[in-house]
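As a plain string of letters, each chain reads:
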Amino acid sequence: MKFRVLGAVVAVAAGVTLTSSGGGAVAAGNEALTRDLDAILADPGLQGADIGVTVRDANTGEVVYTRSGGRRSQVGSNLKVLTTAAALDLLGPDYRWKTELKSSGARNGSTLNGDLVLRGTGDPTMSASRYQALAATLKNSGVTTISGALVLDDTAFDSQPYGLGWAWDDEPYSYSAETSALTLSPDAKFSAGTVVVRVKPGAATGDPVQVSVEPANDQVQIQNTATTNGDAGISVEREHGTNVIKVSGSTWVETTALSTVKDPTGLVGSVFRKALEQNGIQVQGGVRRGAAPQGAAVLASDESMTLGQLINPLLKNSNNMLAEVLVKSAGGSFTNGVNQLSRKWAGLGIDPNWVEIFDGSGMSRMDEISPDDLTSVLIKGKTRPWFGTWSASLPVAGRDGTLVNRMKGTKAEGNVQAKTGSMSGVSALTGYVTTQTGRQLVFSIVQNNLVLWFSPKTIEDKIAVRLASDGATTTMATPKVESVPQQRKAPAQDRKKVPAKERYDVECSWIGTC
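Residues numbered from 1 in each chain as written. Predicted model: local features only at pLDDT ≥ 70, side-chain atom pairs only at ≥ 80, totals over all residues. Heavy atoms only, no water.

1. Details of the overall build of the protein chain
Defined as follows: Numbering of helices and strands runs from the N terminus, with a helix taken as a DSSP run of H or I at least four residues long and a strand as a DSSP run of E at least two residues long. Between buried and exposed lies partly exposed: a residue is buried under 20% and exposed over 50% of the maximum accessible area for its type, with that area taken using a 1.4 Å probe on protein chains only.
Along the backbone of the protein chain there are 10 helices and 23 strands. Buried residues in the protein chain amount to 55% of all 514 residues.

2. Overview of the packing of helix H2 (residues 79-90) against helix H5 (residues 307-316)
Our working definition: An axis is simply a line fitted to the C-alpha atoms; with a helix, the fit covers only the stretch in contact. Between two such axes, the angle follows the N-to-C directions and lies from 0 to 180 degrees. Convention used here: angles under 35 degrees read as roughly parallel, angles over 145 as roughly antiparallel, angles from 65 to 115 as roughly perpendicular, and any remaining angle as oblique. Note on contacts: a residue pair is in contact if any heavy atoms of the two residues lie within 4.5 Å. Residues were grouped as follows: Ala, Val, Leu, Ile, Met, Phe, Trp, Tyr, Cys and Pro as nonpolar; Asp, Glu, Lys and Arg as charged; and all remaining residues, including Gly, as polar.
The contact between H2 and H5 brings their axes to 11 Å, and the two run at 175°. The angle between the axes of H2 and H5 places the two elements in the roughly antiparallel class. Along the contact surface, H2 presents Lys80, Thr84, Ala87 and Leu88, while H5 presents Leu307, Ile311, Leu314 and Leu315. Residues that form the contact of H2 with H5 fall into these classes: six nonpolar, one polar and one charged.

3. Notes on the state of the cysteines
Simply put, disulfide is the name for a covalent bond between the sulfur atoms of two cysteines. Heads up, the condition is: Two cysteine sulfurs form what is called a disulfide whenever their separation falls within 2.5 Å.
By the definition in use, this model includes one disulfide. For cysteine 508, the disulfide goes to cysteine 514, at an S-S distance of 2.2 Å. Disulfide cysteine 508 to cysteine 514: torsion about the S-S bond roughly 85°, handedness right-handed. Judged by relative accessible area, which is 31%, cysteine 514 ranks as partly exposed.

4. Observations regarding the sheet that holds strand E11 (residues 150-153)
Test applied: Two strands make a pair as long as DSSP finds a minimum of two bridges between them.
Read across the sheet, five strands follow the order E19-E11-E9-E6-E20 without closing on themselves; strand pairing throughout is mixed. The strands lining the two open edges of the sheet, one partner per strand, are strand E19 (287-289) and strand E20 (297-303). Strand-to-strand twist across the sheet, computed as the mean angle between neighbouring axes with direction ignored, equals 20°. Along the sheet, helix H3 (residues 128-140) makes contact with strand E6 (98-103), strand E9 (116-120) and E20, crossing E20 at roughly 150°. Strands E6, E9, E11 and E19 of the sheet are contacted by helix H4 (residues 264-278), whose axis makes an angle of about 145° with E11.

5. So, the pairing of strand E22 (residues 426-434)
Taken across its nine residues, E22 has eight buried, putting it largely inside the fold. Sheet analysis places strand E21 (residues 417-423) next to E22, joined by seven bridges and oriented antiparallel. Considered in E22, the bridge of methionine 423 is made with valine 426. Linking E21 to E22, which pair antiparallel, is a turn of two residues; within it glycine 425 sits at a positive phi near 80°. The sheet contact formed by E22 and strand E23 (residues 440-448) spans eight bridges and is antiparallel. Its bridge partner being in E23, alanine 428 is matched across the sheet by valine 446.

6. Some details on the sheet that holds strand E16 (residues 244-250)
As summarised here, the arrangement of the three strands in space is E14-E16-E15, forming an open sheet in which the pairing is mixed. If you trace the sheet from one side to the other, it starts and ends with strand E14 (221-224) and strand E15 (233-238), each paired once. Across this sheet, the average inter-strand angle for adjacent strands is 20°, counted without regard to direction. Pairing analysis gives four bridges linking E14 to E16, with the strands arranged parallel. When the bridges of E16 are listed, glutamine 223 appears paired with lysine 246.

7. Focus on the pattern of salt bridges
Where charged atoms from two side chains of opposite charge come close, those side chains can pair. Keep this limit in mind: Any carboxyl oxygen of Asp or Glu that lies within 4 Å of a side-chain nitrogen of Lys or Arg is treated as forming a salt bridge with it.
Taken as a whole and judged by the stated rule, the model has 28 salt bridges. As a salt-bridge pair, aspartate 461 and arginine 406 come within 2.7 Å of each other at their nearest N and O atoms. Note that aspartate 461 is positioned in helix H10 (residues 457-468) and arginine 406 in the loop between helix H9 (387-392) and E21, a separation of 55 residues in sequence. By relative accessible area, which is 6% here, aspartate 461 ends up buried. When its relative accessible area of 11% is taken as the criterion, arginine 406 is described as buried. Among the salt bridges present, the one from arginine 466 reaches aspartate 470, with a minimum N-O distance of 3.0 Å. For the pair arginine 466 and aspartate 470, a shared accessibility class is recorded, and that class is buried. The structure contains a network of salt bridges with shared partners spanning Arg35, Asp36, Arg466 and Asp470.

8. Observations concerning the packing of aromatic side chains
Test applied: Two aromatic rings, drawn from Phe, Tyr or Trp (for Trp, its six-membered ring), form a pair once their centres lie within 6.5 Å of each other, and the interplanar angle then sorts them: stacked below 30 degrees, edge-to-face above 60, tilted otherwise.
Applying the stated criterion to the full structure yields 10 aromatic pairs. Aromatic pair tyrosine 95 and tryptophan 97: ring centres 5.1 Å apart, planes at 85°, arrangement edge-to-face. We classify tryptophan 97 as buried; its relative accessible area is 1%. Plain terms: the ring middles of tryptophan 453 and phenylalanine 454 are 6.2 Å apart, the flat faces sit at 85° to each other, and that makes the pair edge-to-face.

9. Some remarks on the side chain of serine 393
The test is simple: Here a polar contact means two N or O atoms within 3.5 Å. Within protein one must be a hydrogen donor candidate and the other an acceptor candidate, and residues neighboring in sequence count only if both atoms are side-chain atoms.
Looking at where serine 393 falls in the secondary structure, it is placed in the loop between H9 and E21. At a separation of 3.4 Å, a polar atom in the side chain of serine 393 contacts the main-chain amide nitrogen of asparagine 312. Apart from the residues within four sequence positions on either side, serine 393 is in contact with Ile311, Asn312, Leu315 and Lys316.

10. Topic: the nonpolar core
Within soluble globular proteins, side chains that are nonpolar tend to cluster in buried spots. Just so we agree on the cut-off: In this description, a nonpolar core means a group of buried Ala, Val, Leu, Ile, Met, Phe, Trp, Tyr and Cys residues linked to one another through side-chain atoms lying within 4.5 Å.
By size, the foremost hydrophobic cluster in this structure holds 44 residues, and its most contacted members are Leu82, Leu307, Leu341, Trp345, Val377, Trp390 and Tyr432. Elements that contribute at least two residues to this core include exactly H2, H5, helix H6 (320-331), helix H7 (334-342), helix H8 (371-381), H9, E22 and E23. Among the elements that line this core, the one with the most residues is H2, at seven residues. When neighbours within four sequence positions are excluded, leucine 341 is seen to be in contact with Ala86, Ala87, Leu90, Val327 and Ala330. Within the second largest apolar cluster, 35 residues are counted, among which are Leu101, Met126, Leu138 and Val220.

11. Digging into the confidence of the model for the protein chain
Reading predicted coordinates in detail is not appropriate for stretches of low pLDDT. Which entries qualify depends on this criterion: Scored between 0 and 100, pLDDT is the confidence that the predictor attaches to each residue.
Model confidence for the protein chain is summarised by a mean pLDDT of 91, while 90% of its residues fall at 70 or above. A low-confidence stretch, residues 1-22 stays under pLDDT 50, and its non-local contacts, those more than four residues away or across chains, total 50 contacts.

12. Quick look at the packing of H3 against H4
Stated precisely, the cut-off is as follows: The handedness criterion is simple: a crossing whose near helix is rotated anticlockwise from the far helix by less than a right angle is left-handed, and one whose near helix is rotated clockwise is right-handed.
For the pair H3 and H4, the least separation of the axes is 9 Å and the interaxial angle reads 45°. Considered as vectors, H3 and H4 are oriented oblique to each other. For the pair H3 and H4, the sense of crossing is right-handed. When H3 is examined against H4, the residues Ala128, Tyr131, Gln132, Leu134, Ala135 and Leu138 are found in contact with a partner set consisting of Val268, Val271, Phe272, Ala275, Leu276 and Gln278. Taken together, the residues of the contact of H3 with H4 break down into 10 nonpolar, two polar and no charged.

13. Some thoughts on H4
Operational definition: Under the convention used throughout, the expected extent of a helix is 1.5 Å for every residue step, that is, one less than its residue count.
In this model H4 runs 21 Å from its N-terminal to its C-terminal C-alpha over 15 residues, within 8% of the 21 Å that 1.5 Å per residue would give. Counting buried positions over the 15 residues of H4 gives 11, a clear majority of the element. If you check which residues of H4 are buried, you get Pro264, Thr265, Gly266, Leu267, Val268, Gly269, Ser270, Val271, Phe272, Ala275 and Leu276. The first or second residue beyond H4 is glycine 280, which carries a positive phi of 75°.

Printed below as a string of structure tokens:
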């Protein structure tokens, strides 16, 4: 077997960028590892696919294995490795988001003469209860009447709700919500820009189900055709471009689902107006949108957790909306936010001229970055003061996050810390692993142009397990590659709905299967 060495090493201002192509490359004395990884990547299910793999020593940067590692590809949520590292460098781990009540009006007894401005800066963790607390603070200050309007100020971010290159048909789903400077999350995972749709069976068989929305608001409209019978399941889907949520199907049991909303700012306005009313505060001038006047006084404020704390739910759950908030917090828009973050890329081993990035989550089909680049971020990250917090936020194989159900019972369990990535036709895994001899490696596996009936996650698992087992005295068992009925295996067959637990085209955290 011929082994191709890395073609070139190009120095850049902040470190070393790898360039590689072609078949496997091997560091001296590790031909067995190269042979095994080449065999894994020879799986017939990868026919016609575009595969890039880079494995390096985590401390020295030495290349252990590469297969087209310098080729740019779509990496899905593996982009969050770069986004979070650059944001920690640019914004700092102590960065917080503020939500404020402001006014330039004067008090006259219990009346605030003028407008009350609710100003957001993008806090994706804001909840209905925290908006309620803001209203209570205002009440406790003695205000019971607002002579002007409730003004919603979301001008900290631009008005573009989605990243360039996002798929329109993802719009209803919680992993593809709109990004706004005024938003809220209805759950503990900080699913910003969504509401919980709760479905309960009716009193008798055949009755319509009962549907409620949390938090209660006047922005969302429910169209309910679901009934109390059978076990067909419940479908909850928002109509494209509207706030009409259609509930259909049948059920005997209570169920919940997340749905995105059109215009999170409007949702917040509805929720906060209700909070004011519940605290006995009357707004006489209605609700409108605009910027807070210069010099307006702060009447009440709320502050988020730190960015360092937010990294954990972002990476463990592969939360797209948290990633996009980082981009817009860096620059106010997707374009300028990416530009601002790119100022930190060179220090993370990334040459900005040789990547294409359009968002923070990796949802854009226009994003392109290589396995070499991703491993550079992992290596450079080890030199940063925030590394401990950041690395501890990566999913751990067989233990938590999007890897909780993977690589159990192998040497990778509790060992591999890595970011998953999942899109139709795309799968990736990038992270850290320690071999049986105590050597720490970084690796990045990126698979593109995959057929939908073949599960690429088992390829990633086999590689990660082989790396974790390297140096063992006995051959370690690796997961069996299993093909699942994703869509169809031949053009003549109808496409079939894939069971949620077998899907690889979305992160398991997005559909509640991990």
